[in-house]
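Structural features, examined
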Amino acid sequence: MKTDPKTHPTNQTFSVATLGCKVNSADSEAIAADFIAKGYVPAAQDETPDIIVVNTCTVTHWGDRSSRQAISRSRKDAPNAVIVATGCYASIDPSGLAAATSADLIIPNTEKDTIAEKVTDYNQPVTSHKADANTPHSVPMTILPHTAFPSAENPDILMARLIGKTRAQIKVQDGCDNRCTYCIVPMARGNSRSRSIEDIIAFVRRKQEAGIQEIVLTGVHLGDYHTADGADLGDLLQALLRETAVPRIRVSSLEPEDFQIAWLKIWENPRMCRHLHLPMQSGSNTILRKMARKYLRARYRDIIQAAYSAIPGLAVTTDIIVGFPSENDEDFAQTYELCQELEFAKIHVFRYSPRNGTAAARMRGKISSETMRDRSDALLALNDTLSEQFRRRFLGAETEVLWEARRPDGWEGLTDNYIRVFWDETKAAVQGDMRHKITKMRLESLYEDGIIGVFLDPNVLQY
């Protein structure tokens with residue numbers, strides 16, 4: 001029999017399911033840390049949790065659907081669990097989410113850092129929950145200023161294992177002051193705000209002491225990172241290189257309008273991961289203007305070319321939206337051609353999804369689903385070609401790999417420039433858990449979406 005979390009929190013297990021962006025991943029790590037700090041126990045992989053947190057996404061209607069499905073699946077798999085819905089979908093449409101799912105608690109982004117406390121204070125013990133309840137309990141949607149940043153982050157290496165990655169995500173910025181016509185995220189995340197450099201350094205040092213080898217700086221509008229005393233993202237990166245010793249620092253998505261060419265010198269330090277994600281969204285100036293993006297294709301091309309020149313072996317990845325209202329064949333052709341020219345290591349392709357409350361949802365010139373599918377398929381095929389082309393450049397190279405996860409036939413990990421590396425356990429004898437270890441490898445042959453590697457360490461027995 002389960003116990004009431006109000007009186008016996010240390011007997012309760014929990015899990016966190018994350019949908020959407022790296023900012024949500026960072027939030028999930030903080031949520032899990034807060035549960036641990038309050039005495040809850042992460043559920044084992046084969047264990048049914050007492051509490052399930054679903055960190056939802058609403059960036060597209062597919063995000064909405066996936067979020068609802070995750071909640072429904074959680075209820076089916078754990079009928080007696082307390083199920084908490086949080087994240088952007090829970091912030092934008094809590095009533096709709098309550099009507100469509102059997103979540104017990106619906107908690108918006110404004111209160112994300114109080115989830116463990118709210119579960120502990122939940123006024124109904126787990127034993128009385130009915131699996132077929134049709135009326136979820138929703139936390140009242142009071143109008144509150146967006147909170148700053150979760151404060152209970154636990155440095156224990158258990159966090160990386162719980163989330164399933166060896167890279168620690170740290171949210172250094174949240175919210176967005178831009179109003180791209182297709183984007184609902186500012187409504188869910190609030191205005192732009194940044195974490196202090198001192199706080200970030202303290203966080204990274206704790207992760208470093210716990211054995212974490214790579215930290216990923218995330219933010220809804222990361223390039224808009226600014227502290228009260230005027231420091232920007234470049235200042236933050238230089239402070240981290242100067243005052244911490246974590247082996248790898250990775251920067252997540254940066255908006256092109258924020259990118260400063262002067263920052264590229266920072267990547268001369270080998271601790272900076274050779275990977276930049278700069279969402280292009282479209283290669284057509286006409287569409288970029290309708291999207292209210294703050295750059296045009298020439299500026300975007302200049303940034304990428306400067307980055308390639310400054311950082312040998314750099315992987316550049318991007319986001320593209322196809323089927324934006326009024327996008328014609330010429331607009332799409334310009335996007336396709338620019339992707340070809342810039343030779344991205346990976347293209348994330350999204351079909352336009354109208355979001356209520358955004359300007360684009362009211363625009364004329366809707367694109368048919370068939371046209372969106374055709375354009376998406378064309379870019380995905382190009383992505384396959386460019387991705388293989390990028391990986392093939394590094395065959396025979398020697399590099400370091402941070403190991404992340406066990407596979408049925410061995411392990412997989414990442415190079416600093418975002419190449420997924422695999423090794424076959426039958427061809428190399430390695431003792432123990434490889435997670436959080438960096439080893440030197442020779443990249444030998446293409447395999448799936450990555451490369452098979454061979455150990456260079458003479459202490460590893462090669463068969």
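See above for the structure.
Notes on the structure in this doc start here. (Residues numbered from 1 in each chain as written. Predicted model: local features only at pLDDT ≥ 70, side-chain atom pairs only at ≥ 80, totals over all residues. Heavy atoms only, no water.)

**Notes on the pattern of salt bridges**
It is possible for side chains of opposite charge to pair when their charged atoms get near one another. Counted by the stated rule, this structure contains 29 salt bridges. Residue E341 pairs with R301 through a salt bridge whose shortest N-O separation is 2.8 Å. With E341 in helix α12 (residues 329-342) and R301 in helix α11 (residues 297-310), the pair connects residues that are 40 residues apart, well separated along the chain. Residue E341 is classed as partly exposed on the basis of its relative accessible area of 38%. Ionic pairing is found between D329 and R375, a salt bridge with its closest N-O pair at 2.9 Å. A residue pair is termed long-range when its members are at least 10 positions apart, and D329 in helix α12 and R375 in helix α13 (residues 369-392) qualify at 46 residues. Relative accessible area serves as the criterion here: at 59%, D329 is assigned to the exposed category. A residue is classified by how much of its surface remains accessible, and R375, at 7% relative accessible area, is buried. (Salt bridge = Lys/Arg side-chain N within 4 Å of Asp/Glu carboxyl O. Helix = DSSP H or I, 4+ residues; strand = E, 2+ residues; numbered from the N terminus. Buried < 20%, exposed > 50% of the residue type's maximum accessible area, 1.4 Å probe, protein only.)

**Structural notes on helix α9 (residues 233-243)**
Here α9 has its buried residues at L233, G234, L236, L237, A239, L240 and L241. The elements touched by buried residues of α9 are β6 (167-174), α8 (197-209), β8 (214-219) and β9 (248-251). Its side-chain oxygen 3.0 Å from the backbone nitrogen of G234, D232 forms the N-cap of α9. (Contact = heavy atoms within 4.5 Å. Polar contact = N/O pair within 3.5 Å; in protein donor to acceptor, adjacent residues only side chain to side chain.)

**Concerning the sheet that holds strand β15 (residues 420-424)**
The strand order β13-β14-β15-β18-β17 describes a closed barrel built from 5 strands, whose pairing is mixed. Shown here is a sheet whose adjacent strand axes are inclined to one another by a mean of 50°, direction ignored. With 2 bridges joining them, β15 and strand β18 (residues 450-455) adopt parallel strand pairing. Across the sheet, the residue bridging to F422 is I452, located in β18. (Pairing = 2+ DSSP bridges. Axes fitted to C-alpha atoms, helices over the stretch in contact; angles between N-to-C directions.)

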